[in-house]
Each structure stands twice: as structure tokens, then as C-alpha cells.
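Coordinates in review
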Amino acid sequence: MNNTRAKILIVDDEPVNIRLLEGALKRDYEICSSQNGFEAIRDIKNQRPDLVLLDIMMPDMNGFDVCRVIRSDDAFSVIPVIFITAMDTLEGEVEGLEAGGIDYLSKPVNLDLLKLRVHNHLELKRRSDLIREQRDLLDSQKKELESALARIKRLEGVIPICMHCKSIRSDDESWHRLEEYISEHTDAFFSHGICPKCVAEFYPMMDLNDPD
């Protein structure tokens, strides 16, 4: 949600009900709507709302089934669903919560109560999203640290090196040139040059102070 307005999907087969809820919420939220369950599932995937207000008694596909479909998809399972229905029974409320709804309001809806419930559930979702992002960031940083420590650990301990040619013996008892061994076991790269001592010994006629 961040700096943009939260998006709410209203699902109801009666346009008058959609207009009523939209009128109560459009000042504070971005509103989109669907008039049946199949449209709702399509719009949830395309619109990615932050919260769904879902009617239960609709033709073809009722709200309970829509909610179960939403909850079965990991990409959308965290979207809070508030049932808004004329099915004012304890059994209906229980089934709605078992289907994955987070709240249950009966028609005719008290609009002041609706606004409070919507605000509270969106705030809970915002905090949950933030915690999830921080957890994912920590997991990523942990993996990077473990990878770096693994690279460092590969060069810990005693490294056998030939006293004459300076080759290094690896774990499989084979011998490698120093730069080959370091390149294989670290992320370092080599750029060959020549030190002043070797210049004096092997190239005595070369003047390091001569810019030409």
C-alpha cells in the first residue's frame, strides 16, 4: 500500500449494494467491483486488491467458494476477506470464517462500523506485509552472509605450500600454482605486474623513474 491508496474489491450481484458500499468508502480508498464469483476471482488476479468485501449469496458461485479459491492460491491468500451478507445466522458466520474470511457483517450494513472494520483490517495487513518484507530481507542477507563465510572458511587452517616453487597442495593431493588455487577458492582475480626488486634483478637496464 505504501504511499498509494488501498484498493478494495466489492463483490455483489446487486448493483445497488455495490453503489452503497462504494459511496461509503470511495473517499478514502480506490474501489473496484465484480458482480459474480467468477468475475471476482478474475479481478482479484488482475487488480490485486488489498481487501475484498464479499457477498455470499450469488448465482453460479457463492462467496464461500470464492473465498476458498482465494485462500488456495499463495499469491492471494493474504488478502483479507470480509463477508457482507443477508445470511444472518451463526452457521453462516462459522462457515464464512472456516472458508477463510477474516470478518463477517450482516446486511443492512452499518456503514460506520464497516469503515472501522475496513480500516482496522487494512492496517493489520499493512503491518503483516511489512513484517513479511523484513523477514524476506533478513533471509536474503543471511544467505549472503553464509555464502561469504563459506568462501572464507575454504581458506582457513594450514595450507601446504611447496618451499621451492610455491605451489599449493589441494585436498585431493594435487598441486596447483598459487594464483590458480586462490582463483578457485575465492572471488579474487589477478593482474600481473612487476615489483621494483624484480626489476632491479632481472631488468637492470630498466629505469622505473623514466616516464618513457
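Look a little higher up for the structure.
A brief structural summary. Note that the structure is predicted; figures quoted are calculated from it, not measured. (Residues numbered from 1 in each chain as written. Predicted model: local features only at pLDDT ≥ 70, side-chain atom pairs only at ≥ 80, totals over all residues. Heavy atoms only, no water.)

**A few points about a negative patch on the surface**
We apply this condition: Like-charged residues within 9 Å of one another, or nonpolar side chains (Val, Leu, Ile, Met, Phe, Trp, Tyr) within 5 Å, are grouped into patches, provided each residue has over 30% relative accessible area and no salt bridge. Here the Shrake-Rupley method, with its probe set to 1.4 Å, supplies the accessible areas, and only the displayed protein chains count as covering residues. Each reported salt bridge corresponds to a side-chain nitrogen of Lys or Arg within 4 Å of a carboxyl oxygen of Asp or Glu. Counted as positive: Lys and Arg. Counted as negative: Asp and Glu, with His and the chain ends omitted from the count. To locate a charge, take NZ of a lysine, CZ of an arginine, CG of an aspartate or CD of a glutamate. Only DSSP runs of H or I reaching four residues or more are called helices, and only runs of E reaching two or more are called strands; each is numbered from the N terminus. Residue burial is assigned from relative accessible area. The probe radius is 1.4 Å, only protein chains are included, and a residue is buried under 20% of its type maximum, exposed over 50%, and partly exposed in between.
Together, Asp171, Asp172, Glu180 and Glu184 make up a region of like negative charge exposed at the surface. Relative to the helices and strands, Asp171 is located in the loop between β6 (168–169) and β7 (175–176). A relative accessible area of 80% places Asp171 in the exposed class.

**Brief notes about the packing of helix α3 (residues 63–72) against helix α4 (residues 90–99)**
To be explicit about the condition: Axis lines are fitted through C-alpha atoms, for helices just across the contact stretch, and the angle between N-to-C directions can take any value from 0 to 180 degrees. By definition in this entry, angles of less than 35 degrees are roughly parallel, angles greater than 145 are roughly antiparallel, angles of 65 to 115 are roughly perpendicular, and the rest are oblique. By convention the crossing between two helices is left-handed if the near helix lies anticlockwise of the far one by an angle smaller than a right angle, and right-handed if it lies clockwise. Whether two residues touch is decided by their heavy atoms; if any such pair falls within 4.5 Å, the residues are in contact. Amino acids are sorted into nonpolar (Ala, Val, Leu, Ile, Met, Phe, Trp, Tyr, Cys and Pro), charged (Asp, Glu, Lys and Arg) and polar (every other residue, Gly among them).
Relative orientation of the contacting elements α3 and α4 amounts to 20°, with a least axis distance of 8 Å. Relative to α4, the element α3 lies roughly parallel. Judged by the sense of rotation from one axis to the other, the crossing of α3 with α4 is right-handed. Note on element contacts: α4 touches α3 through Gly92, Glu95, Gly96 and Ala99, opposite Phe64, Cys67, Arg68 and Arg71. Here the contact of α3 with α4 is composed, by residue class, of three nonpolar, two polar and three charged.

**Section: α4**
An α-helical turn contains 3.6 residues, so any two residues separated by three or four positions project in the same direction. Short version of the rule: Arc, as used here, means the arc of the directions from the helix axis to the C-beta atoms.
Along α4, the residues that are buried comprise Gly92, Gly96 and Ala99. For α4, the arc enclosing every buried residue in end-on projection is 65°, short of the 170-degree limit, so these residues lie on one face. For α4, exposure combined with an orientation more than 90 degrees from the buried face picks out Leu90, Glu91 and Glu98. Phi turns positive, to about 120°, at Gly100, one or two residues after α4.

**Focus on the packing of aromatic side chains**
Cut-off, in case you're wondering: Stacked, tilted and edge-to-face are the three classes assigned to paired rings of Phe, Tyr and Trp, where Trp is represented by its six-membered ring and a pair needs centres within 6.5 Å; plane angles under 30 degrees give stacked, over 60 edge-to-face, the rest tilted.
Enumeration over the complete set of coordinates arrives at two aromatic pairs. Look at Phe64 and Phe83: their rings are 5.5 Å apart centre to centre, the planes differ by 65°, and that puts the pair in the edge-to-face class. Taken together, the positions of Phe64 in helix α3 and Phe83 in strand β4 (residues 81–85) put the pair 19 residues apart, joining distant regions of the chain. With a relative accessible area of 4%, Phe64 lands in the buried category. Take Phe83: its relative accessible area is 0%, and that puts it in the buried class. Ring pairing ties together the aromatic residues Phe64, Phe83 and Tyr104, which thus form one cluster.

**Quick notes on unusual backbone geometry**
A cis geometry characterises the amide bond from Lys107 onward to Pro108, with omega recorded as -5°. The backbone of Arg48 sits at a positive phi, close to 50°, despite the residue not being glycine. Here Arg48 lies in the loop between α2 (37–47) and β3 (51–54). The backbone phi angle of Asp60 is positive, close to 75°, even though this residue is not glycine. By the element assignment, Asp60 lies in the loop between β3 and α3. Residue Asp60 is classed as exposed on the basis of its relative accessible area of 73%.

**Side note on the packing of α2 against α3**
The contact between α2 and α3 brings their axes to 9 Å, and the two run at 25°. Classified by the angle their axes make, α2 and α3 are roughly parallel. Seen along the crossing, α2 lies across α3 with a hand that is right-handed. Across the interface between the two elements, Gly37, Ala40, Ile41 and Ile44 of α2 pack against Val66, Val69 and Ile70 of α3.

**Focus on the nonpolar core**
The condition that has to hold: Here, nonpolar core refers to any group of buried Ala, Val, Leu, Ile, Met, Phe, Trp, Tyr and Cys residues whose side-chain atoms link them within 4.5 Å.
If you look at the biggest cluster of nonpolar residues, it comprises 21 residues, and the most contacted ones within it are Val11, Ile44, Val52, Leu54, Val66 and Phe83. Listed by contribution, the elements that provide at least two residues to this core are β1 (7–11), α2, β3, α3 and β4. When residues in this core are grouped by element, the largest group, four residues, is from α3. Setting aside chain neighbours within four positions, we find Ile44 in contact with Leu9, Pro49, Val52, Ile70, Phe76 and Ile79.

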